[in-house]
There are 8 protein chains.
Amino acid sequence: MKKVAVIVGSKSDREQMNKALETFDKLGVNYEFRVLSAHRDPEALHEFVASLEPSEYAAVIAGAGMAAALPGCVAAQTLLPVIGVPMKGGALNGVDALYSIVQMPKGVPVGSMAIGSSGAVNAALYAVRMMALTDDEARKKLEEYRESIKTA
Amino acid sequence: MKKVAVIVGSKSDREQMNKALETFDKLGVNYEFRVLSAHRDPEALHEFVASLEPSEYAAVIAGAGMAAALPGCVAAQTLLPVIGVPMKGGALNGVDALYSIVQMPKGVPVGSMAIGSSGAVNAALYAVRMMALTDDEARKKLEEYRESIKTA
Amino acid sequence: MKKVAVIVGSKSDREQMNKALETFDKLGVNYEFRVLSAHRDPEALHEFVASLEPSEYAAVIAGAGMAAALPGCVAAQTLLPVIGVPMKGGALNGVDALYSIVQMPKGVPVGSMAIGSSGAVNAALYAVRMMALTDDEARKKLEEYRESIKTA
Amino acid sequence: MKKVAVIVGSKSDREQMNKALETFDKLGVNYEFRVLSAHRDPEALHEFVASLEPSEYAAVIAGAGMAAALPGCVAAQTLLPVIGVPMKGGALNGVDALYSIVQMPKGVPVGSMAIGSSGAVNAALYAVRMMALTDDEARKKLEEYRESIKTA
Amino acid sequence: MKKVAVIVGSKSDREQMNKALETFDKLGVNYEFRVLSAHRDPEALHEFVASLEPSEYAAVIAGAGMAAALPGCVAAQTLLPVIGVPMKGGALNGVDALYSIVQMPKGVPVGSMAIGSSGAVNAALYAVRMMALTDDEARKKLEEYRESIKTA
Amino acid sequence: MKKVAVIVGSKSDREQMNKALETFDKLGVNYEFRVLSAHRDPEALHEFVASLEPSEYAAVIAGAGMAAALPGCVAAQTLLPVIGVPMKGGALNGVDALYSIVQMPKGVPVGSMAIGSSGAVNAALYAVRMMALTDDEARKKLEEYRESIKTA
Amino acid sequence: MKKVAVIVGSKSDREQMNKALETFDKLGVNYEFRVLSAHRDPEALHEFVASLEPSEYAAVIAGAGMAAALPGCVAAQTLLPVIGVPMKGGALNGVDALYSIVQMPKGVPVGSMAIGSSGAVNAALYAVRMMALTDDEARKKLEEYRESIKTA
Amino acid sequence: MKKVAVIVGSKSDREQMNKALETFDKLGVNYEFRVLSAHRDPEALHEFVASLEPSEYAAVIAGAGMAAALPGCVAAQTLLPVIGVPMKGGALNGVDALYSIVQMPKGVPVGSMAIGSSGAVNAALYAVRMMALTDDEARKKLEEYRESIKTA
């Protein structure tokens, strides 16, 4: 079973993104978590993204707030599917991050989730949907999960 | 090679979504296109989505405008990854469709693209990124495409 | 006297929608309350909505937050008048729910109320206005209510 | 069969509201159309609204643009259900009219439709849904209409 | 010296509007304060506004939240200058009230202040500017006030 | 009869502000028109505003687009009532100008009109309402005008 | 080494702007801080800005909230580069200040930072970038700073 | 006299950015223009930005539309002052680009100009203001320019 790379742009994004990691834990999916800023340390980000082998990773989840360049920059440096999570917070409460993530110009796609922790949970589930394309166990876990949330 | 299902909510969305179909044609990807409204004909939509076998389809692209329920309704009825494209148009020019697509509650993920034709192109590329996880030919095509747009 | 069906998309919407139920209690109107998600359990929603007989129900109130597909999905499955209540909350505080509810494409109407608990109160009053079209007692109750709030 | 009162706040709103009138014509519903401004001629508006007998009218449709006070003012002067249609246009393209119509304070409900001509069509259909509560012919017409738009 | 009529649409608007009253107290200006809703009690509002003699009143300040019809309705019923104050609060925090007040259609002007208590203070000062056109004492008080806030 | 000073921030604002001038012409009100930018020529603006004698002028209308500092700067330099008109245009179509004009901090009031030409017409009418406080002829003209627009 | 002038429009803006001053302290940059309102005391503002000699000052940082005219007014009175910081707060939480600062008409540039304290920190760093154009020590400090925040 | 580097993210941004180049031509400032996408060709962008010597360049102007990562990515790779220009266009008409450019997290500053061609003109003038800190000729040109636009 492949892993999912999970990156946030700042330590302060950790709490919101934890919801994705908890979802992976619940579903038994492996992930690699990093705090790497596209603005404050582009080289370290580049190095990590360049190291993600398609044989080992199924997707990258990237979460960032405000002028959230991270998901787009990741998508520019890998051909793995990139899932963006706009972080809630700041004066605009995440609508800036949403626009910075979802309004990608043609050629470099990012799949954006909802702002904040709902988006983080769904980012994990979305990555598992991709895995489930060729992994029956992942599919079975998604089916169980879907059943479990019906009355949430 | 698997196919991609492409659904729009109304005939008037066809023109914008054509950019996705043209991208698939350029990359040699097969797709199945339907006009099916979540609001005007939920039964026909349900029937089509229920018929999408994971062995045959890699993803569903769903495009709709205004109160764009289509992508979320599709994601509620399949475990395939669903890619949403908010259609440009109407009094709010697509910001309504964007919010209706991207702000999915936790449990049912949709990966949202940008509003309008840029989003449609990227929806196709995003689907191919998913295919490329286990399809080397798809990966090679993406690499060629990426090379070709560097100076766009 | 007919009943009103009241549906919310998630347990967390209960508190806001309680204002509608309290208004019905105050006016002596019967209702049937359900938590049913259009995204997490579309079959259960469909089943409930399909069971609403026009001889027994006068309207459906549907409240949901974020990408609030619930009211539109209900309106797609019944010909009873559907009253939508956008729930306050999340990063966008309900403007996403408002657009997802009010911007219905032509053919499938939903009458949207204000975001949050004001909308919930008014949803109940709006349902009673419909009942009052053919129910003089309902009309009398509305008149009394109107009198009582003049100095609120 | 009862009639529906249709009011717009200005002559320039006529074109958008025509979609409601055409929908009534198609469904064989009678209506009374007026141009009456809540801001420029509140007395004439008051007089017309006060004249609407519940035995004769099933609903009032009120369309206005910008600071669209009309639907709320009508709802303050009658107990008939009021359906508001925010008119598209002006610098804000109707989002001002939407907020002015949908964000009613508790006590005086208005059911808001989408901005512009989609909203006008749906306003007519919504009024007919109310009529259909006690009018089987109206219900039959709605069923036929719903069938006819499935592939729109 | 003339008086200023100050109206708010709901008891809950009192606290924000108090800033206007305190400003009048500070400047020694007389006012008449009322809670009168354009939606819940249009007749009482009409009666009060109709009673405002130009020989006695210099302006009307009207504050309301959400779909704030009050200032426009007042301006429709008097030829005194009307000053609108959008109340902060609700899911949209006053941007709905702002649009409902400032976006008046041509023919019936309302001068809108800022959202919330800054707007309430300025509404009072604005009324005094109008008085100062023909009242030298008012002018002198404004000059003193202006001096006093230079370093605020 | 006093005059009204009318200032726009740029030659390109002239067309929209003409609606105010035409309204003054229709009502027989004298005005002094200037193109004076708060950003490009603050000295010339200051000089003109400083020259406005309260014995001669009843109000200042100031119209500007984008980061519309003009009305606030005028209000900072005179104690005459200042009426702001946000100009339509630019990427944000006037919502930037609206916020720059209406959101004045406490202490320095500006009465904002609607965005664009509706706002320009109303600015003129609002100035005449101020004049009418002490000028019976102005009041009579307003009454005639109000009568003439009832069916607009 | 030149100094930077730092102005805020109100005492209440002090706390947010402190982040700029702390950043200067950390980098050893001299500054001159003033509270000067463009609306409440334009003369004092003018006097201070006119006194800023290019031989002594490298830039002006101006922070203000709501209808934030301050940065634009400063840029109109000096040829030093002006850095604007929209203050967070009020009903619109700073989006009004952002539009009032960033949407400058052509001819008079202001470089806008993010809303609130992030913007204040960056305003200081941006001023130091300008100094570093001709000051190697400033450049060295920026390099150290950049190194220090890589893992923030 | 130093040069200014001018980068746009796409060929389609050329027309709007031409206003900056024309302004430089008018003022006799040298520039180096490139079309380099942060998303489609990050390596080429990196290479160009890394080549900008502080001894040769005074600033970088970066213009991009939609999820405009370009200015922030440039600011992450150089210590020269970066001036961002949000391009007008797309479904959101540039408000997405504005948020993506101006809402930079602390540590990496970008000075944002207005959306579209006004922003492009001002970007050039802002760069010249930076040059004028140590270049008297640049200062003189700015003074002439300022004089020339007083009556624009």
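For clarity, every value in this text was computed on a predicted model and none was experimentally measured.

## Description of the overall build of chain A
No. 1: What chain A contains, in helices and strands, is six helices and five strands.
No. 2: Along chain A, from the amino end to the carboxyl end, the secondary structure elements read β-α-β-α-β-α-β-α-β-α-α.
No. 3: Its C-alpha atoms give chain A principal-axis dimensions of about 40 × 35 × 30 Å.
No. 4: The buried share of chain A, reckoned over its 152 residues, is 69%.

## Things to note about the pattern of salt bridges
No. 1: Within this structure, the stated rule accounts for 52 salt bridges over all chains.
No. 2: The closest approach of N and O atoms between C:Glu32 and C:Arg34, which form a salt bridge, is 3.1 Å.
No. 3: Its relative accessible area of 32% is what places C:Arg34 among the partly exposed residues.
No. 4: Members of the salt-bridge network, linked through shared partners, are A:Lys3, A:Glu32, A:Arg34 and A:Glu56.

## Concerning the relation of the copies chain C and chain D
No. 1: Expressed as a screw operation, the relation of chain C to chain D combines 0.0 Å of axial shift with a rotation of 180°, fitting to an RMSD of 0.0 Å. What the superposition gives is, in effect, a two-fold axis relating one chain to the other. Relative to the rotation axis, the C-alpha of C:Gly111 is the closest in chain C, positioned 2.1 Å from it.
No. 2: Interface overlap between copies is the fraction of interface residues in one copy that are interface residues in the other; for chain C against chain D it reaches 100%, indicating a shared surface.

## Some remarks on the side chain of A:Ser100
No. 1: Position of A:Ser100 among the secondary structure elements: in helix H4 (residues 95–102).
No. 2: At 3.1 Å, the side chain of A:Ser100 forms a polar contact with the side chain of H:Ser100.

## Remarks on the interface of chain F and chain H
No. 1: At the junction of the two partners, chain F supplies nine residues and chain H supplies ten residues.
No. 2: In total, about 810 Å² of surface goes out of reach between chain F and chain H, with carbon and sulfur atoms giving 59% of it.
No. 3: In this assembly, chain F and chain H are joined by one salt bridge.
No. 4: One salt bridge in this structure joins F:Asp41 and H:Lys150, with 4.0 Å as the shortest N-O distance.
No. 5: Here chain F and chain H share two residue pairs in polar contact (both at pLDDT 80 or more) between them.
No. 6: Split by residue class, the side of chain F that touches chain H holds four nonpolar, two polar and three charged.

## Some words on the arrangement of the chains
No. 1: Where chain A comes nearest to chain F, the C-alpha atoms are still 16 Å apart, and the two do not contact one another.
No. 2: One finds no contact linking chain B with chain F; the least C-alpha distance across the pair is 13 Å.

## Regarding the interface of chain C and chain D
No. 1: Each partner contributes residues to the interface: chain C has 45 residues there, and chain D has 45 residues.
No. 2: Here chain C packs against chain D, burying approximately 3800 Å² in sum over the two surfaces, 60% of which is carbon and sulfur.
No. 3: Three residues, C:Leu79, C:Arg129 and C:Leu133, lead the burial of chain C against chain D; their summed loss comes to 23% of the area buried on that side.
No. 4: At the surface where chain C touches chain D, the tally comes to zero salt bridges.
No. 5: Looking at the side of chain C that touches chain D, the elements with two or more residues in it are strand S3 (57–64), helix H3 (70–77), strand S4 (82–86), helix H4 (95–102), strand S5 (111–112), helix H5 (117–131) and helix H6 (136–148) of chain C.
No. 6: Residue contributions to the side of chain C that touches chain D peak at seven residues, all from H5(C).

## Looking at the packing of helix H5 (residues 117–131) of chain G against helix H6 (residues 136–148) of chain G
All names here are of chain G.
No. 1: Direction vectors running N to C along H5 and H6 enclose 140°, while the axes themselves pass 8 Å from each other. Taken together, the axes of H5 and H6 are oblique relative to one another. The handedness of the crossing between H5 and H6 is left-handed. Of H6, the residues touching H5 (which contributes Val121, Leu125, Val128, Arg129 and Met131) are Ala138, Leu142 and Tyr145.
No. 2: Here the residues of the contact of H5 with H6 sort into seven nonpolar, no polar and one charged.

## Notes on the relation of the copies chain F and chain H
No. 1: Note on the copies: chain F fits chain H at an RMSD of 0.0 Å, the axial shift is 0.0 Å, and the rotation between them is 90°. Such a combination of rotation and displacement between the chain copies is what one expects of a four-fold axis. Among all residues of chain F, the one whose C-alpha sits closest to the rotation axis is F:Leu92, at a distance of 6.5 Å.

## Section: the pairing of strand S4 (residues 82–86) of chain B
A regular strand places its side chains so that they alternate between the two faces of the sheet.
No. 1: Among the five residues in S4(B), five count as buried, and that is most of the element.
No. 2: Side chains B:Val82, B:Gly84 and B:Pro86 project from S4(B) onto one buried face, and the interleaved B:Ile83 and B:Val85 project onto a second face that is buried too.

## Looking at the environment of C:Leu92
All names here are of chain C.
No. 1: The topology assignment puts Leu92 in the loop between S4 and H4.
No. 2: You can call Leu92 buried: its relative accessible area is 11%.
No. 3: Taking the C-alpha atoms as reference points, Leu92 and Met66, 26 residues apart in sequence, are found 7.8 Å from one another.

## Observations concerning the pairing of strand S2 (residues 31–35) of chain G
All names here are of chain G.
No. 1: When strand S1 (residues 3–8) meets S2, the two strands line up parallel, connected through five bridges. Note that in S2 the partner of Val6 across the bridge is Phe33.
No. 2: Handedness of the β-α-β unit built from S1, helix H1 (residues 14–27) and S2 comes out right-handed.

## Let's talk about the side chain of B:Ser10
No. 1: Residue position: B:Ser10 is located in the loop between strand S1 (3–8) and helix H1 (14–27).
No. 2: Here B:Ser12 takes part through its side chain, which lies 2.7 Å from a polar atom of the side chain of B:Ser10.
No. 3: Apart from the residues lying within four places of it in its own chain, the contact partners of B:Ser10 are B:Val35, B:Arg40 and D:Ala152.

## Topic: the environment of C:Met130
No. 1: Along the chain, the position of C:Met130 falls in helix H5.
No. 2: On the basis of relative accessibility, which here comes to 1%, the residue C:Met130 falls in the buried class.
No. 3: Taking C-alpha positions, C:Met130 is 8.9 Å from C:Pro81, a pair spaced 49 residues apart along the chain.
No. 4: What C:Met130 contacts, discounting residues up to four positions off in sequence, is C:Ala59, C:Pro81, C:Ile83, D:Pro81, D:Tyr126, D:Met130 and D:Leu133.

The rules we used
Residues numbered from 1 in each chain as written. Chains lettered and ligands numbered in written order. Predicted model: local features only at pLDDT ≥ 70, side-chain atom pairs only at ≥ 80, totals over all residues. Heavy atoms only, no water. Helix = DSSP H or I, 4+ residues; strand = E, 2+ residues; numbered from the N terminus. Buried < 20%, exposed > 50% of the residue type's maximum accessible area, 1.4 Å probe, protein only. Salt bridge = Lys/Arg side-chain N within 4 Å of Asp/Glu carboxyl O. Least-squares fit on C-alpha atoms with pLDDT ≥ 70 in both. Contact = heavy atoms within 4.5 Å. Polar contact = N/O pair within 3.5 Å; in protein donor to acceptor, adjacent residues only side chain to side chain. Buried area = accessible area lost by both parts, 1.4 Å probe. Nonpolar A, V, L, I, M, F, W, Y, C, P; charged D, E, K, R; others polar. Axes fitted to C-alpha atoms, helices over the stretch in contact; angles between N-to-C directions. Parallel < 35°, antiparallel > 145°, perpendicular 65-115°, else oblique. Left-handed = near helix turned anticlockwise from the far one by under 90°. Pairing = 2+ DSSP bridges. Right-handed = clockwise from strand over helix to strand, strands pointing away.

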